Amino acid sequence: MRTVFLLFLYLSLPLFIFWWGWFEWWVALPPTIFLMYLLSVFLRSLPNPLFAYPKRKEWTVLLACVLTAFCWTYLSGVGGFRPAHFDYVKHHLIFNNLVRYDWPVRYADGSYLCYYHAYYLPPSLIARWVGGLSSVHYYVFGWTWLGLTLLFCLLYRLNGLKFIGLFLFFNSPEAILLVYDALRSPRLFPYLADLWHNDHTIELVRSPGGLLFHSHVDSFIATPQHALSAWMATAVLLKFWKTEPKSWHLSVLFALAAVLFYWSPLVTVGFLPLLIFFVFSKREAFLTTGTPLKIIFFALLLSFPALIYYAGHVPLGAMNGWWFTFLKTPREFIFLGVFLGLEVGIWGGVLGYVQRKKAIPAQDFRLILWSLTVLTGLALYRYGFNNDLARRACLPSLLVLCWGISQYSFRQPLLAIVLAFAVVLPLKQHLRWLTAKPYSAIADRKITELGPYSIHYLAHYHSGPFDAVVQYLGKPDAPYLRYFAPDIPPVPKQVTRAFYYWKSTFRLNDYEKQALRRYAIQRLYVKFFDVDWDRTTRRAV
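Because the structure is a prediction, the values reported are computed rather than measured.

Novice: Residue-level account of the overall build of the protein chain, with values.
Specialist: Of regular secondary structure, the protein chain possesses 21 helices and eight strands. Dimensions along the principal axes, computed over C-alpha positions, put the protein chain at roughly 95 × 65 × 55 Å. Looking at the 541 residues of the protein chain, the share that counts as buried comes to 51%. If you take every contact in the protein chain between residues at least 6 apart in sequence, the share linking residues at least 24 apart comes to 79%. Element-wise, carbon and sulfur atoms account for 63% of the exposed surface of the protein chain, whose accessible area totals about 26,600 Å². The average position of the 50 basic charges and that of the 27 acidic charges among the side chains of the protein chain differ by 7 Å.

See below:
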């Protein structure tokens, strides 16, 4: 349970930063008191001492988890030490703004940064104290590395190295479609070359947006803020699932759902069905405590600041609804069926066949079936321009599915065949990490290279009907800013005196140098070249 406590503490730390950096004290104080109390109860329940000296075998496991987490963090591009996925343009802009701006972050148009940025806050706060923009990438790397290490330690305690190995390469058996395309291709080797050099995530349903469940590695390389929180919260739930129920378990899990709301509301949507199933399955143990309503009340108390903050978000205007209302042709309905078959049906059929011999406990098998049910529901509803709900909310159920599969023997022929197809795309991504271009689209700027830009600069990377910037903005007249955000003292206007130097050759004489010193001029606007319009070629020259 020490690892569980450290994971819970890791997820909780950004909340304290957020409450006291982005709200008035009277808003921050009540949830702070309750979360501190819950952490103290959790801490007292642990065996003493908290940090016991590991045994020799535990040292080996810890070292393996630390090194594996380091490799994933480094190779994926966290911190910018390696080429990073295109989505890191967004991450770098958020880190940049959190370090450069006063909190809460407000922009020139009156809007404020309105995003679930729990993942971003600890590295940004440290950078504001020590080092600024030039050092924030080190803190981002360390923060992510620490989170992955704790996660791998808990995964090991759930089902050993087998679980960690499957986690690294887990995916649905989407490669079946790639094999089908390869067999249909008239030129096999060019097809294989294209398969290697380009991203081939299976996104069958594209009208509009897209329906996709990412592999674990793809989720981490693009959206670590969603992936880390989803895996940590679900791993804690699985640990409690396999432990004798105690009265405080329910408090921790409901508080965990509230904490998760700050990390990723979309992931919270996928986590809540698992939590409900957990409570229902263990109801006899928990109902005797007589405090369910009190626990729900305190979970809402923890969530209240986030609700105020998110309520001011600029309307996104994305089309949402059941998928069958967006599908226009029989082909699209067939593709939806194929998607459900790949992501849910194959696993359900294979695990049902293997479970005939009762290879794992019945309650574990029921939890796996429930996770498949949740995945089915997510595949039927569309939310967000890129269907972000399904892509993020699927992460908790996918981890439950991965955990359940790791309990079976991989020597089962049918299961082994399906797993062979499942690991193809994650294996390809791990191998591409070793090349100079690990992704088809790579972030072209690091955090320090975005110095003068606000989150609005993201519009330069997205054209068409999709307004990417509004995903991160709150309204200027939001109640959060008017009543709950701390007052930011106005920055006095600063006038920077400057001279224009409009000569073809830059050569300062003694008089000009003396004038620069006399008036303390720190800025010059210097002529580089003249621009004219050539009417013949219709070009600027």
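Now, onward.
Novice: Just give me the short version of unusual backbone geometry, but keep the residues and values in it.
Specialist: In the segment running from Trp 103 into Pro 104, the intervening peptide bond is cis, with an omega of -5°. With respect to the helices and strands, the residue Pro 104 is situated in the loop between α4 (88-100) and β1 (112-113).

Novice: Tell me what's going on with the nonpolar core, and back it up with residues and numbers.
Specialist: If you look at the biggest cluster of nonpolar residues, it comprises 162 residues, and the most contacted ones within it are Phe 8, Trp 22, Trp 72, Phe 152, Phe 167, Trp 347 and Tyr 480. Among the elements that make up this core, the one with the highest residue count is helix α6 (residues 136-168) (16 residues). Excluding residues within four positions of it along the chain, Phe 8 makes contact with Leu 35, Leu 38, Leu 39, Phe 42, Val 252, Ala 255, Leu 256 and Val 259. Counting six residues, the second largest nonpolar core, distinct from the first, contains Ala 175, Leu 178, Ala 182 and Tyr 191.

Novice: So, the packing of aromatic side chains: which residues are in play, and what are the values?
Specialist: Enumeration according to the criterion identifies 50 aromatic pairs in this entry. Summarising the aromatic geometry, the rings of Trp 72 and Phe 167 are spaced 5.8 Å apart at their centres and angled 40° between planes, so their arrangement reads as tilted. Remark: Phe 167 occurs in helix α6 and Trp 72 occurs in helix α3 (residues 56-76); sequence separation between them is 95 residues. The pair Trp 72 / Phe 167 is uniform in exposure class, with both members buried. Relative to Tyr 310, the ring of Tyr 116 has its centre 6.5 Å away and its plane inclined at 75°; by these criteria the two rings are edge-to-face. Taken together, the residues Tyr 116 in the loop between β1 and α5 (121-129) and Tyr 310 in helix α14 (residues 292-311) connect sequence positions 194 residues apart. Accessibility classification places Tyr 116 together with Tyr 310 in one group, the buried group. A cation over a ring is seen here: Arg 128 above Trp 103, with NZ or CZ 4.6 Å from the ring centre.

Novice: Requested: an account of the packing of helix α1 (residues 2-22) against α5, with residues and values cited.
Specialist: Orientation of α1 relative to α5, taken along the N-to-C sense of each, is 60°, at an axis distance of 9 Å. Viewed along their axes, α1 and α5 adopt a mutual orientation that is oblique. Every residue of α5 that contacts α1 at Pro 14, Ile 17, Phe 18 and Trp 22 is listed here: Leu 121, Pro 122 and Leu 125. Of the residues belonging to the contact of α1 with α5, the class tally is seven nonpolar, no polar and no charged.

Novice: Report on the pattern of salt bridges, specifying residues and quantitative values.
Specialist: Going through the model one piece at a time under the given rule, you end up with two salt bridges. Lys 242 is the salt-bridge partner of Asp 364, the closest N and O atoms lying 2.8 Å from each other. With Asp 364 in helix α16 (residues 362-380) and Lys 242 in the loop between α10 (224-241) and α11 (247-263), this pair connects stretches of sequence that are 122 residues apart. Relative accessible area serves as the criterion here: at 0%, Asp 364 is assigned to the buried category. By relative accessible area, Lys 242 is classed as partly exposed at 42%. We note a salt bridge from Arg 392 to Asp 388, for which the minimum N-O separation is 3.9 Å. Taken together, the positions of Arg 392 and Asp 388, both in helix α17 (residues 388-406) and four residues apart, correspond to about one turn of that helix. Judged by its relative accessible area of 17%, Asp 388 falls in the buried class.

Novice: Break down the pairing of strand β5 (residues 498-501) for me, citing the residues and quoting the values.
Specialist: One face of the sheet, then the other: side chains in a regular strand alternate in exactly this way. Where β5 and strand β6 (residues 523-526) come together, four bridges link them in parallel fashion. By the bridge assignment for β6, Tyr 501 is matched with Val 526. The parallel pair β5 and β6 is bridged by helix α21 (residues 510-518), and the resulting crossover is right-handed.

Novice: Can you lay out a nonpolar patch on the surface for me, pointing to particular residues and giving the numbers?
Specialist: A surface patch of nonpolar side chains, about 580 Å² in accessible area, is lined by Trp 20, Trp 25, Trp 26, Leu 29 and Ile 33. With four residues, helix α2 (residues 25-44) is the largest single contributor of residues to the nonpolar patch. Within the secondary structure, Leu 29 sits in helix α2.

Novice: Explain the side chain of Asn 387 to me, using residue names and the numbers behind them.
Specialist: Along the polypeptide, Asn 387 turns up in the loop between β3 (381-382) and α17. Residue Asn 387 is classed as buried on the basis of its relative accessible area of 0%.

Novice: Describe α5, with residues and values.
Specialist: Those residues of α5 lying buried are Leu 121, Pro 122, Pro 123, Ser 124, Leu 125 and Ala 127. Looking at the packing, one finds that the buried side of α5 touches α1, α4 and α6. Phi turns positive one or two residues past the end of α5, at Gly 131, with a value near 100°.

Novice: Describe α10, and please don't skip the residues or the numbers.
Specialist: With 18 residues, α10 extends 25 Å between its outermost C-alpha atoms, agreeing within 8% with the 26 Å of an ideal straight helix rising 1.5 Å per residue. Burial analysis of α10 places 18 of its 18 residues in the buried class, the great majority of the element.

Novice: Give me the packing of α2 against α14: which residues, what numbers.
Specialist: In helix packing, the relevant descriptors are the interaxial angle and the interaxial distance, both defined with respect to the helix axes. Packing of α2 against α14 brings their axes to within 9 Å, and their N-to-C directions diverge by 140°. Judged by the angle between their axes, α2 and α14 are oblique. Note on packing geometry: the crossing formed by α2 with α14 is left-handed. Between α2 and α14, the residues in contact are Val 27, Pro 30, Pro 31, Phe 34 and Leu 35 and Phe 298, Leu 301, Leu 302 and Pro 305, respectively. When grouped by side-chain class, the residues that make up the contact of α2 with α14 number nine nonpolar, no polar and no charged.

Novice: Outline the environment of Gly 110, supporting the account with residue identities and numerical values.
Specialist: Within the element layout of this structure, Gly 110 appears in the loop between α4 and β1. It is 9.9 Å that separates the C-alpha atoms of Gly 110 and Leu 473, two residues lying 363 residues apart in sequence.

Analysis parameters
Residues numbered from 1 in each chain as written. Predicted model: local features only at pLDDT ≥ 70, side-chain atom pairs only at ≥ 80, totals over all residues. Heavy atoms only, no water. Helix = DSSP H or I, 4+ residues; strand = E, 2+ residues; numbered from the N terminus. Buried < 20%, exposed > 50% of the residue type's maximum accessible area, 1.4 Å probe, protein only. Contact = heavy atoms within 4.5 Å. Areas by Shrake-Rupley, 256 points an atom, 1.4 Å probe, with all protein chains shown as cover. Lys, Arg positive; Asp, Glu negative; His and termini not counted. Charge placed at Lys NZ, Arg CZ, Asp CG, Glu CD. Core = buried A, V, L, I, M, F, W, Y, C linked by side-chain atoms within 4.5 Å. Phe/Tyr/Trp six-rings, centres within 6.5 Å; stacked < 30°, edge-to-face > 60°. Lys NZ or Arg CZ within 6 Å of the ring centre and 35° of its normal. Axes fitted to C-alpha atoms, helices over the stretch in contact; angles between N-to-C directions. Parallel < 35°, antiparallel > 145°, perpendicular 65-115°, else oblique. Nonpolar A, V, L, I, M, F, W, Y, C, P; charged D, E, K, R; others polar. Salt bridge = Lys/Arg side-chain N within 4 Å of Asp/Glu carboxyl O. Pairing = 2+ DSSP bridges. Right-handed = clockwise from strand over helix to strand, strands pointing away. Patch = residues over 30% accessible without salt bridge, like charges linked within 9 Å, V, L, I, M, F, W, Y side chains within 5 Å. Expected span 1.5 Å × (residues − 1). Left-handed = near helix turned anticlockwise from the far one by under 90°.

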